[in-house]
Amino acid sequence: MLAFGSPNCNNIGFTSSSCHTLRRELQQIWTDIGESESDKDRMLLELERECMEVYRRKVEEAANAKARLHQSVAAKEAELATLMAALGELNINSPIQSEKKSAPLKEQLGLIMPLVDDLKAKKDERVKQFGDIKAQIEKITGEISGCCNIVNSLSSLNLEEHDLSMRKLSECQSHLLALQKEKSVRIQRVLYSVNEVHTLCGVLGLDFSKTVSNVHPSLHETNPGQYTNISDSTSEGLDQAILGLKTERKVRYQKLKDVVGSLFELWNLMDTMREERSKLSRIISVLDISESEVVEPGVLSLEVIQQVSAEVERLNKLKASRMKELVMKRRAELEDLCYKTHIQPDQSTAADKSSAMIDSGLVDPCELLANIEAQINNVKDEALSRKEIMDRIERWLSACDEENWLEDYNRDHTRYSGGRGAHINLKRAERARITVTKIPGMVDSLINKTLAWEDEKQKLFLYDGVRLVSILEDYKVSRHQKEEEKKRARDQKKLQDMLLAEKESIYGSRPSPRRSSSFRKTNGYHANGNGSVTPSPRRNSVGCATPELSTPRSYSGRQNTYFKEMRRLSTAPLNFVAIAKEDTMSFSSIGGSEPESPPQG
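Residues numbered from 1 in each chain as written. Predicted model: local features only at pLDDT ≥ 70, side-chain atom pairs only at ≥ 80, totals over all residues. Heavy atoms only, no water.

This brings us to the overall build of the chain. What the chain contains, in helices and strands, is 21 helices and four strands. When each of the 601 residues of the chain is scored for burial, the buried share is 34%. Across the chain, every contact between residues at least 6 apart in sequence was considered, and the portion connecting residues at least 24 apart equals 73%. Surface accessibility of the chain: about 36,700 Å² in total, with carbon and sulfur atoms responsible for 54%. (Helix = DSSP H or I, 4+ residues; strand = E, 2+ residues; numbered from the N terminus. Buried < 20%, exposed > 50% of the residue type's maximum accessible area, 1.4 Å probe, protein only. Contact = heavy atoms within 4.5 Å. Areas by Shrake-Rupley, 256 points an atom, 1.4 Å probe, with all protein chains shown as cover.)

With that settled, consider the environment of Glu-403. Mapping Glu-403 onto the fold places it in helix α15 (residues 387-411). Relative accessible area serves as the criterion here: at 5%, Glu-403 is assigned to the buried category. Spatially, the C-alpha atom of Glu-403 lies 9.9 Å from that of Ile-434, the residues being 31 residues apart in sequence.

This paragraph deals with the packing of α15 against helix α17 (residues 439-457). At a minimum axis separation of 10 Å, α15 and α17 run at an interaxial angle of 160 degrees. Relative to α17, the element α15 is oriented roughly antiparallel. The interaxial crossing formed by α15 with α17 has left-handed handedness. Across the interface between the two elements, Glu-388, Ile-389, Arg-392, Ile-393, Arg-395, Trp-396, Ala-399, Cys-400 and Glu-403 from α15 touch Ile-439, Met-442, Val-443, Ser-445, Leu-446, Lys-449, Thr-450 and Trp-453 from α17. Within the contact of α15 with α17, the residues separate by chemical class into ten nonpolar, two polar and five charged. (Axes fitted to C-alpha atoms, helices over the stretch in contact; angles between N-to-C directions. Parallel < 35°, antiparallel > 145°, perpendicular 65-115°, else oblique. Left-handed = near helix turned anticlockwise from the far one by under 90°. Nonpolar A, V, L, I, M, F, W, Y, C, P; charged D, E, K, R; others polar.)

Throughout the structure, instances matching the rule amount to four aromatic pairs. Each ring, one from Trp-453 and one from Phe-461, has its centre 5.0 Å from the other, and the planes form 80 degrees; the classification is edge-to-face. This pair shows no difference in class: Trp-453 is buried, exactly as Phe-461 is. Stacked on the ring of Phe-461, the Lys or Arg Arg-386 has its end atom at 4.0 Å from the ring centre. We note Arg-428 situated over the ring of Trp-405; from NZ or CZ to the ring centre the distance is 4.2 Å. (Phe/Tyr/Trp six-rings, centres within 6.5 Å; stacked < 30°, edge-to-face > 60°. Lys NZ or Arg CZ within 6 Å of the ring centre and 35° of its normal.)

This model, assessed by the stated rule, comprises 32 salt bridges. Taking the shortest distance from any N to any O, the salt bridge between Arg-330 and Glu-333 comes out at 2.3 Å. With Arg-330 and Glu-333 both in helix α12 (residues 323-341) and three residues apart, this pair spans about one turn of that helix. Under the relative-accessibility criterion, Arg-330 is labelled buried at 15%. For Glu-333, a relative accessible area of 32% translates into the label partly exposed. For Arg-479, the salt bridge goes to Glu-403, with nearest N and O atoms at 2.8 Å. (Salt bridge = Lys/Arg side-chain N within 4 Å of Asp/Glu carboxyl O.)

Looking at the element boundaries, Arg-249 is found in helix α8 (residues 232-270). Residue classification places Arg-249 among the buried positions, given a relative accessible area of 9%. Sequence separation between Arg-249 and Val-294 is 45 residues, and the spatial gap between their C-alpha atoms is 9.0 Å. Discounting chain neighbours no more than four positions away, the residues touching Arg-249 are Leu-200, Leu-204, Glu-291, Ser-292, Val-294 and Leu-300.

Right, let's get into helix α6 (residues 166-204). Under the 1.5 Å per step criterion, the end-to-end length of α6 is 56 Å for 39 residues, consistent within 8% with the ideal 57 Å. With its phi angle positive at about 70 degrees, Gly-205 sits one or two positions after the end of α6. (Expected span 1.5 Å × (residues − 1).)

The next thing to look at is the packing of α17 against helix α18 (residues 468-507). Any two packed helices are characterised by how steeply their axes cross, that is the angle between the axes, and by the distance between the axes. Interaxial distance between α17 and α18 falls to 9 Å at its minimum, and their mutual angle equals 160 degrees. Relative to α18, α17 is oriented roughly antiparallel. Regarding α17 and α18, the two cross each other, and that crossing is left-handed. In this structure, α17 contributes Ile-439, Pro-440, Val-443, Asp-444, Leu-446, Ile-447, Thr-450, Leu-451 and Glu-454 to the contact, and α18 contributes Leu-468, Val-469, Leu-472, Glu-473, Tyr-475, Lys-476 and Arg-479. In terms of residue class, the contact of α17 with α18 is built from ten nonpolar, one polar and five charged.

Before going further, it helps to spend a moment on the side chain of Ser-231. Along the chain, the position of Ser-231 falls in the loop between α7 (208-215) and α8. For Ser-231, a relative accessible area of 2% puts it in the buried group.

Okay, structure coming up:
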């Protein structure tokens, strides 16, 4: 009975023998004492009861220890499973599953504890990695969104402790890399915009720090720990600032361009010295490039524009005091331009009239000057439209000069001598004869071209105040008269030769050379070597037998002296109608006259 529940057989045997020995010794003692058999049985029964209580207590304690071990093993297995699930370590096999049936509880607990501790350490490391990544993600997200308050990443991570797998870690890392890339792109964009704002502020002379601080203080402040705001609102603010600065640059560029245009007009009007112009050369050079290419600091600042405007205002005041002089100068330029282009100037702004109107205060000098400027522009435009005809006129006049030279050359009795330059004149004479044959075609072509111009412009083509077609028609009539006069002169010469031949047949001698050479030129005629008389060329008088060809040079020659006097003294218009009538009468009288026959010998 005492051996019940003994764990070891040897120990049980030893304990049983010891208990029997002690029981016999106790019974002997009770016998010696004289205890009754009933007392002995009662005391043995109590002893056995006490032993049972001790065994029962020990069994309960052992059962409780076993239950606690079971609970510990189960808890560790659950913790191990949780850690494995959280870390995604699904390939770890618990040793308890394979040895559960044979291994004691303490051994099972000893096998699972190292795995749990290892996974706990791995979890702590994984949590730290997640914490670092989450912290960076939250920081970059806050920078992108513009929110300065960064949420504690560890507190937000506790909500996701159930998933600490490498897959989740890779996803977070990928998210972080995407955010870092976006941050880099945004930083580059913000820096580019800030640099552009800096350049524009430099060009316009504005405060850069104030401009960017109005968008966001972080764009200029460099405090420790201060990060550059890269949010969408900052980018939009920079874009708006750049748009506003570009608009302002465009407005100022156009304003400077207008002011400089006025400045150029005043400089040209007042003949400003080069040294004085060079003071603003740096500012003016800006207009040589487009508005978008202007990058020089301060060149479009308000101070620069005010400086140029002040110079324009100063020159305007100076112009007002010299307006009369400027009006006279521009009028002289108009007359000179009209003289070169053979166009009659407008007499409404003649020098004497303009001076009288300015002195009397009847007209604003600025309006008068603007009127003269408009007349100059009109003359330039008309000269441009007349250029082709004027070129043809010059070629025609050049041909007429060649014709006149050829006539002089033909009258030269020494032209065939062997003197120096004779062969050159001979070649020129050949070319001149070819040119002279083209003159009628030139005149007809010029008339047709002039009439076409008049039809197109719906006005007459005037050359120094005379209609060019009239000049050309007069030239044709004059040339025809000249040809007729030459023909009559040739016929007269033949008649003279016949008379001389008759005299020779009667008297048997010919006139002495001295007598014939002593024949004096009378009334526009000169004697030939054979005693005949031919008209003297290029004379234009009523008594002359040969009329001068009416070319624009002859018209202009009669007007040049008067034109110069008009510029100096008066601006009264030339009466070209009267001149034309006088010329026509002169041509009529000349064309109708016949050369007188020389006295018959």
